[in-house]
Protein chains: 2
Amino acid sequence: MNNRQRIIETSLSLFNERGTSAVSTNHIADAAGISPGNLYYHFSNKMEIIRTLFERLFAAWDEVFQLPVKRAPSMTDLEKMITANYQIIWQYRFVYREQAALLRQDTELQARYLEVRQRGYEGFAALIEAYVTAGVLSPPADDKELATLTELCWIVSEQWPINLELRGRAFDADGIMEGTNLMRWVLRPLFKE
Amino acid sequence: MNNRQRIIETSLSLFNERGTSAVSTNHIADAAGISPGNLYYHFSNKMEIIRTLFERLFAAWDEVFQLPVKRAPSMTDLEKMITANYQIIWQYRFVYREQAALLRQDTELQARYLEVRQRGYEGFAALIEAYVTAGVLSPPADDKELATLTELCWIVSEQWPINLELRGRAFDADGIMEGTNLMRWVLRPLFKE
DNA sequence: GTCTATATAATGATAGAC
DNA sequence: GTCTATCATTATATAGAC
C-alpha cells in the first residue's frame, strides 16, 4: 500500500474512532507512520481527505443501490440491499455521525451528496416498482405514495445504525435484524396478505 | 439578561450557525460582548456550555412528550406533539447535526440523553395507547408491535428536519407538513377505515 | 516522495488587578 | 463579577534539504 492510500485508511480509522474535529493532520501522519510534510504533499488539507472518504462512500452506495437483476426479484434481494447498506454505514460511521455538520461546511460536497443520494433513491424506487410488477407487493396508490415510502425507507435505513449507537447498543447481528424488521414494518402497507 | 444567560443564548446561536467545533470560547465571549476570562468564571469549559444546552433541550422534550390531558385524545393532539417536536429540533439543530459525535465524547451526557429519551419514548407510547383506548386507532397486535411503531416514529420525527436540510430544503411550513404526512404513513397500519 | 524544521495563528485556560 | 494580560499547547501549513 502506498502512502496516499495509507493516509486514507488511517484517517478513516481515526475519524471513526475519535471524530473528525478531534483528529488533526499531525495525528493522521503520526498514526500512518509518515511526516506531516509528507501528508501535505498528498493532500492539501484535512477537508480534502474527508472529501476523498466521502467519494469512497458514494462509490459504495452506487454499487448497493443499483437496480438488481433481470429476473423477477424476491424479498431476499431487498434484505440483501438493506444489510449491505448497513455494512457501508458502519464502515463510514464517522460520516453518519457528523454528516449534517460536514456537508454544511462544504457546498460542493453537499451537491455531490445530493446527486449520489438521488441515484440511490431512484434505484431503491425502481426496486419497489419491480416488486410491484412481479406481484410481490401491492401497487402504491400513486407516485406521491411511492415517493413518501421511498423517503421513509431512506431515512430509517440511514439512521438505524447510528440510532442503535445513540442508545448504547451494539451494531451486531441482533441490531441488524431489528433494523430489517423495522424496514418490513415500513413496507407493510404494500404487503399482500 | 445576565451574562451567564447571555453566554448560553450566544452559544446556541453560534453553534447552530457554525457548528460546535468551529466556535471557540473566544468567539462566544466576543459575540456575547464579554471577556474570555469572564466566560471562564461562568463555565469551566466549552463542554459545560454544550451540556447546559443539552439540558435545556431535555427540559423542552419532557414538556412535549408528557402524556396529555384526561379527556379522550384526538388526532389533533398527535399533530401538535409532532409539530412542537419539530420546533424544538430546529431550535437546537446543532445538537441534531452532531448528536452522535457529541454524545460519544461524554458518557455522562449520553446516560442523561438515554434517560430523557426513555421518558419521551414512554410518553409517546402512552399517547398511542390512549388513542387505541379512545377507539381512534386499532390496537397493535402486541407489545412488540407497539415498541416497533414507537421506535419508528421516534427515528423519523427526530431526523426529519435534518433530512430536509441535507437535501438543501428549507424547514418551512411545507417541510413541516411533509414531515407530518410522513408520520401519518408510519401510523397508517393502525388507522381505521 | 519524503524528511526536518519552522512560521503563524488559534485554542483552551489561568492569574491577578479592580 | 468582570477585566486585561498572558501562558502553554496545539493546529494548519510551508520551505528547503535530501
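Thresholds, definitions, all that
- Residues numbered from 1 in each chain as written.
- Chains lettered and ligands numbered in written order.
- Predicted model: local features only at pLDDT ≥ 70, side-chain atom pairs only at ≥ 80, totals over all residues.
- Heavy atoms only, no water.
- Least-squares fit on C-alpha atoms with pLDDT ≥ 70 in both.
- Contact = heavy atoms within 4.5 Å.
- Phe/Tyr/Trp six-rings, centres within 6.5 Å; stacked < 30°, edge-to-face > 60°.
- Helix = DSSP H or I, 4+ residues; strand = E, 2+ residues; numbered from the N terminus.
- Buried < 20%, exposed > 50% of the residue type's maximum accessible area, 1.4 Å probe, protein only.
- Lys NZ or Arg CZ within 6 Å of the ring centre and 35° of its normal.
- Near = heavy atom within 4 Å.
- Polar contact = N/O pair within 3.5 Å; in protein donor to acceptor, adjacent residues only side chain to side chain.
- Nonpolar A, V, L, I, M, F, W, Y, C, P; charged D, E, K, R; others polar.

J.: So what's going on with the relation of the copies chain A and chain B? Which residues, and what values?
T.: Of the transformation superimposing chain A on chain B, the axial component is 0.0 Å and the angular component is 180°, with the fit at an RMSD of 0.1 Å. The two molecules are tied by a two-fold rotation axis, judged by turn and shift. Closest approach to the rotation axis among the C-alpha atoms of chain A is made by Glu98 of chain A, whose C-alpha sits 2.7 Å away. Take the interface residues of chain A: 100% of them recur as interface residues in chain B, which is what a same-surface contact looks like.

J.: Could you give me a rundown of the packing of aromatic side chains, with the residues and numbers involved?
T.: Enumeration over the complete set of coordinates arrives at 16 aromatic pairs over all chains. On the numbers, 5.2 Å between centres and 50° between planes, the contact of Phe15 of chain A with Phe94 of chain A is tilted. Remark: Phe94 of chain A occurs in helix H6 (residues 93–104) and Phe15 of chain A occurs in helix H1 (residues 3–18); sequence separation between them is 79 residues. Take Phe94 of chain A: its relative accessible area is 0%, and that puts it in the buried class. Between the aromatic rings of Trp61 of chain B and Trp154 of chain B, the centroid separation amounts to 5.9 Å while the plane-to-plane angle is 80°, which identifies the pairing as edge-to-face. Here Trp61 of chain B is found in helix H4 (residues 46–64), whereas its partner Trp154 of chain B is found in helix H8 (residues 143–166), with 93 residues between them in sequence. Neither residue differs from the other here; Trp61 of chain B and Trp154 of chain B are each classed as buried. Every member of this aromatic cluster is reached through a ring pair, and the members are Phe54, Phe58, Trp61, Phe65, Tyr113 and Trp154 of chain A. The ring of Trp185 of chain A is capped by Arg188 of chain A, whose NZ or CZ atom sits 4.5 Å from the centre of that ring.

J.: Would you mind going over the protein's contact with DNA strand C in detail, with residue names and values included?
T.: Around DNA strand C, a shell composed of 14 residues is seen, among which Asn3 and Ser35 of chain A together with Ser24, Tyr40 and Asn45 of chain B lie nearest. By atom count, sugar and phosphate contribute 72% of the portion of DNA strand C lying within 4 Å of the protein. Between Asn38 of chain A and DNA strand C, the recorded distance is 3.1 Å, taken from a side-chain N or O atom to a phosphate oxygen. In the model, a phosphate oxygen of DNA strand C is placed 3.4 Å from a nitrogen or oxygen of the Tyr40 of chain B side chain. Those elements giving two or more residues to the surface near DNA strand C turn out to be helix H3 (36–42) of chain A together with helix H2 (25–32) and helix H3 (36–42) of chain B. Residues of the surface near DNA strand C, tallied by class, amount to three nonpolar, ten polar and one charged.

J.: Any details on the protein's contact with DNA strand D? Residues and values, ideally.
T.: Contacts to DNA strand D come from 16 residues, most closely from Thr25, Tyr40 and Asn45 of chain A together with Asn3 and Ser35 of chain B. Protein-proximal atoms of DNA strand D, defined as those within 4 Å of the protein, fall in sugar or phosphate at a share of 68%. Here Thr25 of chain A contributes a backbone N or O atom positioned 2.9 Å from a phosphate oxygen of DNA strand D. Note that a phosphate oxygen of DNA strand D is positioned 2.9 Å from one of the side-chain N or O atoms of Asn3 of chain B. The set of elements that each furnish at least two residues to the surface near DNA strand D consists of helix H2 (25–32) and H3 of chain A together with H3 of chain B.

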